Amino acid sequence: IYYIHNNEWDIYDNSRSNLIDHIDNNGLNNNIENLRMATHQQNCCNTNSKNYSLTEWNTYRVRVSFGEIHLSKCYKTEQEAINAVAEFKLKYHQF
């Protein structure tokens, strides 16, 4: 579908820098408005993962990375963890 609308895209290039990403994370939604070129790293960033978990000490550990940039930190509340993930993604995961 993407190739039909973007003939300049090299459909035969199977490198990790030439992927097609589903913006809404729904692999069945192949509307052209939902498709974009992405690298493997960008594609991995576009997930529905929470990127945090509850620890045995009832804190919330956030683990997010983008290339060489990593965030691994514990927060007292779930909302603080959600905010930290959102801030990190806003700063580093845009493309």
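Note that this is a predicted model, so its numbers are computed, not measured.

For the rest of this paragraph, the subject is the sheet that holds strand β4 (residues 60-66). Through backbone hydrogen bonds, the strands of a sheet pair up, either in parallel or in antiparallel fashion. If you walk across this open sheet you meet the 3 strands as β3-β4-β5, and the pairing is antiparallel. Because the sheet does not close on itself, it has two edges, and the strands there are β3 (52-54) and β5 (69-75). The average undirected angle you get between the axes of adjacent strands in this sheet is 15 degrees. Here helix α3 (residues 78-92) sits on the sheet in contact with β3, β4 and β5, set at roughly 5 degrees to β4.

Moving on: the confidence of the model for the protein chain. Chain-level pLDDT for the protein chain is 91 on average; 98% of the residues reach the 70-or-more range. Across the protein chain, element-level confidence peaks in β3 with a mean pLDDT of 96 and bottoms out in helix α2 (residues 40-45) with 82.

Turning next to the packing of aromatic side chains. In the structure shown here, the tally under the stated rule is 4 aromatic pairs. On the basis of an interplanar angle of 70 degrees and a centroid distance of 6.1 Å, the ring pair of Y52 and Y60 is categorised as edge-to-face. Overall, Y52 belongs to the buried group, its relative accessible area being 12%. The buried category is assigned to Y60, whose relative accessible area is 17%. Through a chain of ring-to-ring contacts, the aromatic side chains of Y2, Y3 and W9 assemble into a single cluster.

For the α-helix, the turn length of 3.6 residues means that residues three or four positions removed from each other point alike. Taking 1.5 Å of rise per residue, the 15 residues of α3 would be expected to cover 21 Å, and the 21 Å separating its terminal C-alpha atoms lies within 8% of that figure. Restricting attention to buried positions, one finds in α3 the residues A81, A84, V85, F88 and K89. Burial along α3 is one-sided: seen end-on, the buried residues are contained in an arc of 125 degrees. For α3, the exposed residues lying more than 90 degrees away from the buried face are E87, L90 and K91. Summarising the contacts, the buried residues of α3 are in contact with α2, β3, β4 and β5.

Once that is clear, we can look at unusual backbone geometry. Its identity as a non-glycine residue notwithstanding, N25 has a phi of 65 degrees, on the positive side. A relative accessible area of 30% places N25 in the partly exposed class. We note that N58 has phi near 60 degrees; this positive angle belongs to a residue other than glycine. Counting through the fold element by element, N58 comes out in the loop between β3 and β4.

About the criteria used
- Residues numbered from 1 in each chain as written.
- Predicted model: local features only at pLDDT ≥ 70, side-chain atom pairs only at ≥ 80, totals over all residues.
- Heavy atoms only, no water.
- Pairing = 2+ DSSP bridges.
- Helix = DSSP H or I, 4+ residues; strand = E, 2+ residues; numbered from the N terminus.
- Axes fitted to C-alpha atoms, helices over the stretch in contact; angles between N-to-C directions.
- Contact = heavy atoms within 4.5 Å.
- pLDDT = per-residue confidence, 0-100.
- Phe/Tyr/Trp six-rings, centres within 6.5 Å; stacked < 30°, edge-to-face > 60°.
- Buried < 20%, exposed > 50% of the residue type's maximum accessible area, 1.4 Å probe, protein only.
- Expected span 1.5 Å × (residues − 1).
- Arc of directions from axis to C-beta.

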